[in-house]
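Examining the three-dimensional arrangement
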Amino acid sequence: MRKSDEFILEARHLTKAFKGFVAVNNVNLKVRRGTIHALIGPNGAGKTTCFNLLTHFVTPTHGQILYNGVEISNYSPSKIARLGLVRSFQISAVFPHMTVLENVRIGLQRRRGGSYDFWRSERTLRDLDSKACELIDAVGLGGYEHMGAAELPYGRKRALEIATTLALDPEMMLLDEPTAGMPHADVSRISALIKKVAANRTVLMVEHNLSVVADLSDVITVMQRGEVLAEGDYATVSQDAHVIEAYLGSGND
Amino acid sequence: MIPAPDRIFYAPASSVEIRHQGVAFIFMVAVFAIAPFVVYPLFPMKVMCFALFACAFNLLLGYGGLMSFGHAMFLGTAGYTSAHAAKVWGVPPEVALLLGTSAAALLGLVVGAIAIRRQGIYFAMITLAFAQMMYFFYLQTPFTYGEDGIQTVPRGHLFGLVDLSVPMAVYFVVLLIFIGGFLIIYRVIHSPFGQVLKTIRENEVRAISLGYDTNRYKLLAFVLSASLAGLAGATKMLVFGLASLTDVHLAMSAEVVLMTLLGGLGTIFGPVVGALIIVAMENYFAQFGPWVTVAQGSIFIGCVLAFRRGVVGEIAHRLKMSL
C-alpha cells in the first residue's frame, strides 16, 4: 500500500541552527508522488541546506523526515541513496579522471552489487556496458563513451551526472540548481531532459532560472530566510504578494 | 563546445593500455630475473621487498586517496611476528610469512577502523600516532630484543622442500612473492572494488550520494594495503634473517612516501622504480654516510618542483599511455 501514498517525501518542522544562525526554520514540506516540485527563493534562503538535511549530509537540529512513510531522519546518506532518494550537487559532480562510460557504470554497479569484489576482473563490469550506453544516449552523450569526464564541457558534465543518477533508477531525484552556470542552449536541453526523466519518478529541484521553473514545475515552494513563504503552482505563487515583495521588494523601496 | 559531437570514435583506452602495461611487466620481470646473475643478489631482493611495500602504499594513496603516514608499522609488525615465529616457534618459512602477513592485516583492521573516521591530514595524523605507539611497544617489549632486534633468523625449508639458505632458491622465491603481490595489487586496482575506490579518490561525497558506504570501502582498501605491506615486511625478514626497529621507525614510513612519489603516485610501475632508486642510493652511496639522506632530500624536492608526476608518471604522460 505504501507506494500508493500520495506523498513520497515529507519534512515536518525541519530546523537547522548553526551557531547563532537559523538556516532552516520549521519547514514543512510535502512532495507529491510523480510531480516535479521546485524549491525557489533568494540567495541564502536555505534551499541547499534543505537538500542537505533531506539527504542527511547535514543533521537537522530538529524535525522529522519521512520517505515513503518511513522515518529516515537517522539514516546515513548512503543508506538514503540506496532507498532510492538520490541527490545531485550545485557544482557538477562527475568523476573527472574516469571515462563517461565508467562514470555511468559506477551507478549501475551499485545497483547490481558485488562492488566489494576486489579479486574479480573489471571485465565483469562489461555486461553493464550496453545498459550504460543506453543511458549515455538518453542524455545526448552518445559518442563520448570513452572520453575522460574532465574533458567534457560544463553542460555535458551535468548531463553525465544525470545519466549516472539515472543508472541507480531512483524513485526520487533531488536536483540542486541543474542549469546553474550554463549557456542558454544547454539550459533548454537539460530542461527537456529533466522533463523526460521525471516521466516516471518524482523530482524535487532547487532552481534559479524562473523560466525553467515555470516550464517544468507542478508545485513551487518559495523560501525566504529559512522559512516557507508560499506554495502552489506557478500562477498562484507568482501572484503572491509576499513572493513579489521578496523578489522585487528592494526595487520598490 | 566540442565540434561534431555525434559519434566520434574514441578508441577504448583499456585494451591499448593493457598491451603497454603487459610489455612493461614482462620487462620488469626480465630485469629482476637476470639481476642476480649481474649484481650481488641481496640488492635486487631488497629492491623487490621495498617495491612491494611501496606498491601496497600506492594502492592506498594513489588509488584510494588515503595518505597513511605510519605504514612502517605494518612492515615492522609482520617482520617481528614472522621472525619470532620462525626463530622461537621454529615454524617453516611459509607459515612465518602467513603469520606475519596476518598480523599486519589484523593491525590494519584496528588502525583502519579508527583512522577512516577522519579525512585528509587528520587521517594521516591518526596513522602516525598509531605508528609511534607501535614503535614504542616494539622498543619496550622483550621479545623484540630492543635495539638489537631479532637476529639470525633461520630461513628454513619452504614447504619442507626448498632449502632457502641456497642464495638462488631464496632469490626466486622472493621474486615469486613480489610478482604475486604485484599482480594482486594490479587486480585490486582493476576490479569492481577498484572502480569504487577511484570514485572515492575523485569525489567521495558524490560516491556517498550514489549509495556507496564509502567508509567500508576505505577500510577494505586499508586492510589490503596493510596486508601487502606486511607480506613485504615478512619477506624482507626472510631475506635478511633480521627484524629490527628500523622497520617500524618513522623514517621508514617517510621513505615509502618518498619512493612512491619519486616513482609516480597512482601509476602501476612507479613505486617499483621509486624503490629501485632509493635502495640503490642507500646501497651504492653508503660510504658517503649521512650525505645519502641529503641527496635523497634534494632529489625529492627536485621531483616535487620539477616533475610532480614522478619518474614513471612523467614518462607515461610524455608517451600518452598509462603505466
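Worth saying up front: this structure is predicted, and the values here are computed from it rather than measured. Every chain is numbered independently, its residues counted from 1 as its sequence is written. For this description, chains carry letters from A and ligands carry numbers from 1, given in the order in which they are written. Per-residue local features are limited, in this predicted model, to residues with pLDDT of at least 70; the limit for side-chain atom pairs, both in listing and counting, is 80 or more; totals at the level of whole chains, interfaces and linings are taken over all residues. As a rule here, side-chain values cover all heavy atoms of the structure and leave hydrogens and water aside.

Structural notes on helix α5 (residues 154-167) of chain A
Residues and elements named next belong to chain A. Strands are runs of DSSP state E lasting at least 2 residues, helices are runs of H or I lasting at least 4, and numbering of each runs from the N terminus. In this analysis, the expected span of each helix is defined as 1.5 Å times one less than the number of residues it contains. A rise of 1.5 Å per residue sets the reference length of α5, with its 14 residues, at 20 Å; its end C-alpha atoms lie 20 Å apart and thus fit the reference within 8%. Categorising residues by exposure relies on relative accessible area from a 1.4 Å probe, with only protein chains included: less than 20% of the type maximum marks a residue as buried, more than 50% marks it as exposed, and the intermediate range marks it as partly exposed. Here α5 lies mainly inside the structure; 13 of its 14 residues are buried. A positive phi of about 45° marks Asp 169, the residue just after α5.

Focus on the domain arrangement of chain A
Residue and element names in this part refer to chain A. Annotation comment: domain bounds sourced from an automatic or database domain assignment. In terms of domain boundaries, chain A breaks down into domain 1 (1-91 + 171-253) and domain 2 (93-167). Once you take the C-alpha centre of each, domain 1 and domain 2 turn out to be 26 Å apart. Residue contacts follow a heavy-atom distance rule, with two residues in contact if any of their heavy atoms lie within 4.5 Å. In this complex, domain 1 contributes 21 residues to the contact, which on the side of domain 2 involves 13 residues. Buried surface area refers to the total accessible area, computed with a probe of radius 1.4 Å, that the two partners give up upon joining, counted for both partners together. Buried surface at the junction of domain 1 and domain 2, both sides included, amounts to about 1,400 Å², of which 63% is carbon and sulfur.

Side note on the pairing of strand β7 (residues 172-176) of chain A
Residues and elements named next belong to chain A. Taking burial as the measure, the five residues of β7 include five buried ones, the bulk of the element. Both faces of β7 are covered, namely the face carrying Met 172, Leu 174 and Asp 176 and the face carrying Met 173 and Leu 175. Two strands qualify as a pair provided that DSSP identifies no fewer than 2 bridges between them. Alignment of strand β6 (residues 85-87) against β7, held across three bridges, turns out to be parallel. Looking at β7, one finds that Leu 85 is bridged to Met 172. In terms of strand pairing, β7 meets strand β8 (residues 202-206) through five bridges, oriented parallel. Bridge assignment links Leu 174 to a residue of β8, and that residue is Leu 204. In the classification by handedness, the crossover that spans β7, the intervening helix α6 (residues 184-197) and the parallel β8 is right-handed. Call a crossover right-handed when, viewed with both strands pointing away from you, the route from the first strand across the helix to the second goes clockwise.

Quick look at the packing of helix α2 (residues 42-64) of chain B against helix α9 (residues 250-263) of chain B
Between two packed helices, what matters for the description is the angle formed by their axes and the separation of those axes. Residue and element names in this part refer to chain B. Where helices are involved, their axes are fitted lines through C-alpha atoms of the stretch in contact, as for all axes, and angles between N-to-C directions lie from 0 to 180°. Across the interface, α2 lies against α9 with an axial gap of 9 Å and an inter-helix angle of 80°. Judged on the interaxial angle alone, α9 and α2 are roughly perpendicular. Across the interface between the two elements, Phe 50, Phe 53, Ala 54, Phe 57 and Asn 58 of α2 pack against Met 252, Glu 255, Val 256, Val 257, Met 259 and Thr 260 of α9. For classification purposes, angles smaller than 35 degrees are called roughly parallel, those larger than 145 roughly antiparallel, those between 65 and 115 roughly perpendicular, and all remaining angles oblique.

Some thoughts on the interface of chain A and chain B
On the side of chain B, 34 residues touch chain A, which itself brings 46 residues to the contact. Counting the surface lost from both chain A and chain B, the interface buries some 3,700 Å², and carbon and sulfur atoms represent 60% of this. Three residues, A:Phe95, A:Tyr116 and A:Phe118, lead the burial of chain A against chain B; their summed loss comes to 20% of the area buried on that side. The working definition used for a salt bridge is a side-chain nitrogen of Lys or Arg within 4 Å of a carboxyl oxygen of Asp or Glu. Inspection of the region where chain A meets chain B yields zero salt bridges. Polar contacts, as counted here, are pairs of nitrogen or oxygen atoms within 3.5 Å of one another; within protein the pair requires one atom able to donate a hydrogen and one able to accept it, and residues that are adjacent in sequence qualify only if both atoms are side-chain atoms. Applying the counting criterion to the chain A and chain B interface returns 15 residue pairs in polar contact (both at pLDDT 80 or more). Put simply, the parts of the chain that give the side of chain A that touches chain B at least two residues each are α2 (77-82), β6, α3 (100-112) and α5 of chain A. The residue classification treats Ala, Val, Leu, Ile, Met, Phe, Trp, Tyr, Cys and Pro as nonpolar and Asp, Glu, Lys and Arg as charged. All others, Gly included, are polar. Looking at the side of chain A that touches chain B residue by residue, the class counts come to 19 nonpolar, 13 polar and 14 charged.

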